[in-house]
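One-letter residues, chain by chain:
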Amino acid sequence: MTVNTPLCFRGKSILAPMVRVGTLPMRLLALDYGADIVYCEELIDIKMLQCKRVVNGKLFYFICFSFHIDVLNTVDFVAPNERIVFRTCERERHCVIFQMGSADAERALAVAKLVESDVAGIDINMGCPKEYSTKGGMGAALLSNPDKIESILTTLVKGICKPVTCKIRILPSVEDTVNLVKRIEKTGIAAIAVHGRNKEERPQHPVHCDVIKAISEAVSIPVIANGGSHDFIREYMDIETFQKATAASSVMIARAAMWNPSIFRKEGLFPLKKVMQDYIKYAVRYDNHYTNTKYCLCQMLREQLETTQGKKLHAAQSTQEICEVFEMADFYEETTTVFTAKKTSLETKIQDEDDQMDDPDVIKMAVRFDKREYPPQITPKMYLLEWCRKEKHPQPVYETVQRPLDRLFCSVVTVAEQKYKSTLWDKSKKLAEQAAAIVCLRTLGVPEGKLCEGENHLINKRRREDQERLNNRDQGDDGAEPSHKKANFIEGASDINVPEM
């Protein structure tokens, strides 16, 4: 498939993928200081496949509650628990490489297709030696499985329109490393990043420039040299020194950039105080979680962590407190004031939209469904369906809408020609439907299955059916439950989407 991007991997200074460090604020700061390409931290394929892509919106955790607002102009990939796994923005769209941890070609392709329109390229991590990566056959574990490497990379190259790269560590012998890289080159990838250490070696071990050089001379695709922070790179001019020592096309910088991302400045390093303040500005503007912000700032402070400022940073428990440590309280207040104004404006629009949609014939209550208040696999929708069958009413009909402004859901349930809904909007269609069912049950005075209601007849009914099946097996029956009961159970389950997770 033809690559339709101008992204080039020759003569570039690149921010390496670093766990907990390569989030949006650090990537944007590196670009500001002169980096040509930035890699995000490694993100695992299985986790990414659980995410929902949210365009120009986010969960903004403001003071003590959360709501969706369209103020950051970001694209977020949000996990089911509402945690933002990957955030990006237009500023970096043509220079950010999404690094993925994967050991399965089809999963890798599914993730690549999910993020393809928001990034400049896709990278497969084949060098991380840490257990969290290797235990699933990912990272450096792939180095001993060249067939799987070939399968993953070939599938990606054929399946997406963006450049595909990979990042490896060297093998015990130069010959084996060169042979592996030649095989990788044949998959059609755009470039390969080589960390010049084997998977047993750590940063204090010398980087093997000779091996990277042998690779650079053996293949025609761009080779990106990585691992020079300890031995070579202290300032911008050292990047070129490392590149010449390895004969590589480009240089990828990890720890030297983590300590001071202004390493990418041709004009020289900025004072650490300015760098940290610049980083904090991005962290606040893009609502970076304070624990991640604190972690990155601690990496920059390093030996200064025992100073008064370092101890205050270590004790900070919010973004506001971090700003106070670095004399940026006014910036925090100004920025959050802007967020508050936008929030107020959006809430007004949302309320106006709700008022226009309001139907006086719908019975309404302000309720939410909290699954912690119910037994496992028991929900209000189950109770409402059971009640309708008992009263010989048609089964409940749910009509659910999503509000464009904040992407929340509201559901209206129709039972016996009467409509019911909750006035509180929910983060998922399932939750909104459960809330509508609660409104109906409470209006009718019918039990909804909560733990506090005492004996649960649906649970007792299932227990009786389970015991009946056991008795049938004991008597030599094939164990199948009666056809009419099985049909009821399947129909109910498909209609009410249980269990709730």
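Residues numbered from 1 in each chain as written. Predicted model: local features only at pLDDT ≥ 70, side-chain atom pairs only at ≥ 80, totals over all residues. Heavy atoms only, no water.

If you look the protein up in an unreviewed UniProt entry, it shows as DUS2L synthase from Nothocercus julius.

1. Description of the overall build of the protein
The helix and strand tally for the protein stands at 18 helices and 18 strands. Looking at the protein as a whole, 52% of its 501 residues are labelled buried. When contacts within the protein are restricted to residue pairs at least 6 apart in sequence, long-range pairs at least 24 apart make up 67% of them. Surface accessibility of the protein: about 23900 Å² in total, with carbon and sulfur atoms responsible for 50%. (Helix = DSSP H or I, 4+ residues; strand = E, 2+ residues; numbered from the N terminus. Buried < 20%, exposed > 50% of the residue type's maximum accessible area, 1.4 Å probe, protein only. Contact = heavy atoms within 4.5 Å. Areas by Shrake-Rupley, 256 points an atom, 1.4 Å probe, with all protein chains shown as cover.)

2. Structural notes on the sheet that holds strand β8 (residues 84-89)
Read from one edge to the other, the open sheet built from 3 strands follows the order β4-β7-β8, with strand pairing classed as antiparallel. This sheet does not close on itself; its edge strands, each paired only once, are β4 (52-55) and β8. Across the sheet, the mean angle separating the axes of adjacent strands is 20 degrees when strand polarity is ignored. One ladder, built from 5 bridges, connects strand β7 (residues 74-78) with β8; its direction is antiparallel. Note on β8: the bridge partner recorded for Asp76 is Arg87. (Pairing = 2+ DSSP bridges. Axes fitted to C-alpha atoms, helices over the stretch in contact; angles between N-to-C directions.)

3. Some details on the nonpolar core
Inside soluble globular proteins, nonpolar side chains tend to come together where they are buried. Of all hydrophobic cores here, the largest spans 112 residues; its most connected members are Met48, Phe98, Ile124 and Ile192. Membership of the second largest hydrophobic core comes to 22 residues, among which are Ile378, Tyr383, Ala436 and Ile438. (Core = buried A, V, L, I, M, F, W, Y, C linked by side-chain atoms within 4.5 Å.)

4. Here we look at a negative patch on the surface
Where like charges cluster on the molecular surface, the negative patch consists of Glu321, Glu324, Asp330, Glu333 and Glu334. Elements that contribute at least two residues to the negative patch include exactly α13 (319-325) and α14 (329-357). The dominant element in the negative patch, judged by the number of residues it contributes, is α14, at 3 residues. Its relative accessible area of 54% is what places Glu334 among the exposed residues. (Patch = residues over 30% accessible without salt bridge, like charges linked within 9 Å, V, L, I, M, F, W, Y side chains within 5 Å. Salt bridge = Lys/Arg side-chain N within 4 Å of Asp/Glu carboxyl O. Lys, Arg positive; Asp, Glu negative; His and termini not counted. Charge placed at Lys NZ, Arg CZ, Asp CG, Glu CD.)

5. Describing the side chain of Glu116
Residue position: Glu116 is located in the loop between α3 (105-115) and β10 (121-126). There is no salt bridge for the buried Glu116, and the closest opposite charge comes from Lys113, which lies 5.2 Å off by N-O distance.

6. Notes on unusual backbone geometry
At Glu327, a residue that is not glycine, the phi angle is positive and equals roughly 60 degrees. Mapped onto the fold, Glu327 is located in the loop between α13 and α14. You can call Glu327 exposed: its relative accessible area is 65%. Although it is not a glycine, Ala416 adopts a positive phi angle of roughly 55 degrees. Considering the arrangement of structural elements, one finds Ala416 in the loop between β17 (409-415) and β18 (418-422). Its relative accessible area of 45% is what places Ala416 among the partly exposed residues.

7. A look at the pairing of strand β11 (residues 164-169)
Counted residue by residue, β11 has 6 buried out of 6 residues, so it is predominantly covered. Going residue by residue along β11, you find Val164, Cys166 and Ile168 tucked away on one face and Thr165, Lys167 and Arg169 tucked away on the opposite face as well. Relative to β11, β10 runs parallel, the two being bridged by 5 bridges. Residue pairing for β11: Met126 is matched across the bridge by Ile168. Where β11 meets strand β12 (residues 191-195), 5 bridges bridge the pair, whose relative direction is parallel. Along β12, the bridge assignment pairs Cys166 with Ile192. A crossover links β11 with its parallel partner β12, the connecting element being helix α6 (residues 174-185), and its sense is right-handed. (Right-handed = clockwise from strand over helix to strand, strands pointing away.)

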